[in-house]
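The primary structure of each chain is shown beneath.
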Amino acid sequence: MEEKLICDKCKVELEELEAQFSYLGKSFRHKVSRCPMCGQICLSEELVTGRMSEVESMMEDK
Ligand SMILES: [Zn+2]
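The rules behind these values
Residues numbered from 1 in each chain as written. Predicted model: local features only at pLDDT ≥ 70, side-chain atom pairs only at ≥ 80, totals over all residues. Heavy atoms only, no water. Helix = DSSP H or I, 4+ residues; strand = E, 2+ residues; numbered from the N terminus. Buried < 20%, exposed > 50% of the residue type's maximum accessible area, 1.4 Å probe, protein only. Contact = heavy atoms within 4.5 Å. Areas by Shrake-Rupley, 256 points an atom, 1.4 Å probe, with all protein chains shown as cover. Donors = N, O, S within 2.8 Å, 3.2 Å for Na, K, Ca; no water. Tetrahedral: all angles 85-135°; square planar, octahedral: opposite > 155°, others 65-115°.

- Where an unreviewed UniProt entry is consulted, the chain appears under the name DUF7479 domain-containing protein, with the organism given as Zhenpiania hominis.

Description of the overall build of the chain
1) Next: Counting its regular elements, the chain contains one helix and three strands.
2) Next: The N-to-C order of helical and strand elements in the chain reads β-β-β-α.
3) Next: When the 62 residues of the chain are sorted by exposure, 15% land in the buried category.
4) Next: In the chain, once contacts between residues fewer than 6 apart in sequence are set aside, the share between residues at least 24 apart is 31%.
5) Next: Of the roughly 5000 Å² of accessible surface on the chain, a fraction of 49% belongs to carbon and sulfur atoms.

Some thoughts on the coordination of the zinc ion
1) Next: In this structure, Cys-7 (SG), Cys-10 (SG), Cys-35 (SG) and Cys-38 (SG) serve as the protein donors to the zinc ion, at separations of 2.3 to 2.4 Å.
2) Next: Coordination at the zinc ion is tetrahedral: its four donor atoms span angles of 103 to 112° at the metal.
3) Next: All donors of the zinc ion belong to a single chain; written as a sequence motif, their spacing is C-x2-C-x24-C-x2-C. A residue pair is termed long-range when its members are at least 10 positions apart, and Cys-10 in the segment before strand E1 (15–23) and Cys-38 in the loop between strand E2 (26–34) and strand E3 (41–42) qualify at 28 residues.
4) Next: Residue Cys-10 is classed as partly exposed on the basis of its relative accessible area of 24%.

Here it is as structure tokens:
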């Protein structure tokens, strides 16, 4: 089941794509939703903080 997101500005469906992020010198890929019209990327705060703490704990292990 997929939840479709709609851009507030353009009222079009956001498309999913894989984006690369870098944080604290580590890079990782994650799927994000992006508006094909204005290029606005929609990231849920939960997703971002979840991934960030994952990366942080990875680094602490070393
Ligand atoms: Zn848009």
